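For reference, the chains in residue letters:
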Amino acid sequence: MSEKYPIMVLANHFQFSRGMRISYPRVQSRMLLWCVSGHGEVIVNRKHFSLAVGDFLFLPWNHSISYHPDAQTPYLVGGAHIIPRYGTGIPITYEVSHLPSHPLTDAPWISDGEVPGCVGVVGGSFSNARGLSLLADYAITWFRADNRQDEHAHWLGELLLQEITRAVAAPGGGSQLPVSLQRVTASVRANITRSYTMSQLTEFAGCSAATLNRLFRTHLQQSPMQWVIHARLGVATSLLMTTRIPISEIGKQVGIPDPYYFSKCFKRRYHHSPSAYRTKMSMLGT
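This section reports on the structure supplied with the text.

What counts and how
- Residues numbered from 1 in each chain as written.
- Predicted model: local features only at pLDDT ≥ 70, side-chain atom pairs only at ≥ 80, totals over all residues.
- Heavy atoms only, no water.
- Helix = DSSP H or I, 4+ residues; strand = E, 2+ residues; numbered from the N terminus.
- Buried < 20%, exposed > 50% of the residue type's maximum accessible area, 1.4 Å probe, protein only.
- Contact = heavy atoms within 4.5 Å.
- Areas by Shrake-Rupley, 256 points an atom, 1.4 Å probe, with all protein chains shown as cover.
- Lys, Arg positive; Asp, Glu negative; His and termini not counted.
- Charge placed at Lys NZ, Arg CZ, Asp CG, Glu CD.
- Pairing = 2+ DSSP bridges.
- Axes fitted to C-alpha atoms, helices over the stretch in contact; angles between N-to-C directions.
- 1 Å grid on protein atoms, 1.4 Å probe; cavity = no way out; pocket = protein on both sides within 12 Å on 5 of 7 lines; lining within 4 Å.
- Points joined across faces, edges and corners; volume = space filled by probe spheres on them.
- Phe/Tyr/Trp six-rings, centres within 6.5 Å; stacked < 30°, edge-to-face > 60°.
- Lys NZ or Arg CZ within 6 Å of the ring centre and 35° of its normal.
- Salt bridge = Lys/Arg side-chain N within 4 Å of Asp/Glu carboxyl O.
- Arc of directions from axis to C-beta.

### Topic: the overall build of the protein chain
Looking only at helices and strands, one finds nine helices and 10 strands in the protein chain. Projected onto its principal axes, the C-alpha coordinates of the protein chain cover approximately 60 × 45 × 35 Å. Among the 286 residues that make up the protein chain, the fraction classed as buried is 47%. Sequence separation of 24 or more characterises 73% of the internal contacts of the protein chain that already satisfy a separation of 6 or more. Summing over all exposed atoms, the protein chain offers an accessible surface of approximately 13700 Å²; the carbon and sulfur share of this is 54%. A gap of 10 Å separates the mean positions of the 26 positive and 17 negative side-chain charges of the protein chain.

### Things to note about the sheet that holds strand β4 (residues 39-44)
Reading across from one edge, β2-β7-β4-β5 is the order of the four strands in this open sheet, with antiparallel pairing throughout. On the outer flanks of this sheet lie β2 (22-27) and β5 (47-52), each paired with one strand and no other. On average, each strand axis in the sheet is inclined to that of its neighbour by 20°, with strand direction left out of account. Of the strand pairs in this sheet, β4 and β5 are connected by six bridges, and their pairing is antiparallel. Paired with Ile 43 across the bridge in β5 is His 48.

### A look at empty space enclosed by the protein
Here the idea is plain: a probe the size of a water molecule rolls over the atoms and shows the empty space left. Inspection of the entire model under this criterion finds two cavities of 30 Å³ or more. Quantified by volume, the largest cavity comes out at close to 70 Å³. Every residue lining the largest cavity is listed: Val 9, Gln 28, Ile 83, Tyr 86, Thr 93, Glu 95, Val 96, Ser 97, Leu 104, Trp 109 and Ile 110.

### Let's talk about the packing of aromatic side chains
Going through the model one piece at a time under the given rule, you end up with 14 aromatic pairs. Three or more aromatic residues joined by ring pairs form one cluster here, namely Phe 14, Phe 16, Tyr 67 and Tyr 75. Between the NZ or CZ atom of Arg 148 and the centre of the ring of Tyr 94, over which it lies, the distance is 5.0 Å.

### Side note on the pattern of salt bridges
As enumerated under the stated definition, the model contains four salt bridges in all. The salt bridge involving Arg 189 is made with Asp 55; its shortest N-O contact spans 3.2 Å. Of this pair, Arg 189 sits in helix α3 (residues 179-190) while Asp 55 sits in strand β6 (residues 55-59); the two residues are 134 residues apart in sequence, bridging distant segments of the chain. With a closest N to O distance of 2.8 Å, Glu 163 and Arg 166 form a salt bridge. Here Arg 166 and Glu 163 lie together in helix α2 (residues 150-169), a separation of three residues that amounts to about one turn.

### Observations regarding unusual backbone geometry
A positive phi is found at Asn 45, a non-glycine position, where the angle reads about 50°. As for its position among the elements, Asn 45 is in the loop between β4 and β5. Positive phi, normally seen in glycine, also occurs at Arg 46, with a value near 70°. With a relative accessible area of 79%, Arg 46 lands in the exposed category.

### With respect to the environment of Ile 250
Residue placement: Ile 250 occurs in helix α7 (residues 247-253). A residue is classified by how much of its surface remains accessible, and Ile 250, at 0% relative accessible area, is buried. Considering only alpha carbons, one finds Ile 250 and Thr 218, 32 residues apart in sequence, at a separation of 31 Å. Each residue touching Ile 250, except ones within four places of it in the same chain, is listed here: Ala 236, Leu 239, Leu 240, Ile 245, Phe 262 and Arg 278.

### Considerations on helix α4 (residues 198-205)
When α4 is considered as a whole, its buried residues turn out to be Leu 201, Thr 202 and Ala 205. Buried residues of α4, viewed axially, fall in a sector of 100°; they line one side. Packing partners of the buried residues in α4 comprise α3, α5 (209-220) and α6 (224-242).

And the structure:
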């Protein structure tokens, strides 16, 4: 019997439009799914998960999935599909079985494999997993190239699984947030330009300020108001990378209208000014 090893077989971006719904009954891969912009939810194996900018999920083998983008700001998502065990000596087919009728369904040379800490659906935030974020973006760039090489697919599969394992083992990774925190984070992300007070956040959560502080520090390693700032800046990074909107206007669109304060917060968080970040990371070129 041939040896088997992990490979990455598919990676892409997909922009959903308003009202679009896509469902697959059985996907034979371990999938890294993340949100680049917008928000919405996905239903994986009949469980609901919110997805907003910077969130990622790692989905189990043979998962079912249904995409439900927000009606007003539908998400742009990224996805990378990994086959944990692919037979050596078998030519790589850069496809994934999403339907029972697909020719690769239950192919004997592909199978699942153990990924430490990744039982069921696990997830986290790219803000706490910078290495995984960069690798995920690179995986899409590599997949779109014309000169793919099979050994690189193996290399990317290995690296992605390593970074995913590290990310879900980190504080705040691996499990979904408590419902009270989900209500707060979803409310802020849905209205990112709005000003928020601590009392408003506690109303969203349905608990006291002391309890909300404890939950944020336990699960997200920051205070509620720090998280709000970081959520705004996360949306700003997406706008900087994918649009040519003036930087002063981006600050307004994410709820930080003071250009000086926006630049100060951004540089503290990402170690680059907004303009330098756009030059370095823009998907639109210069």
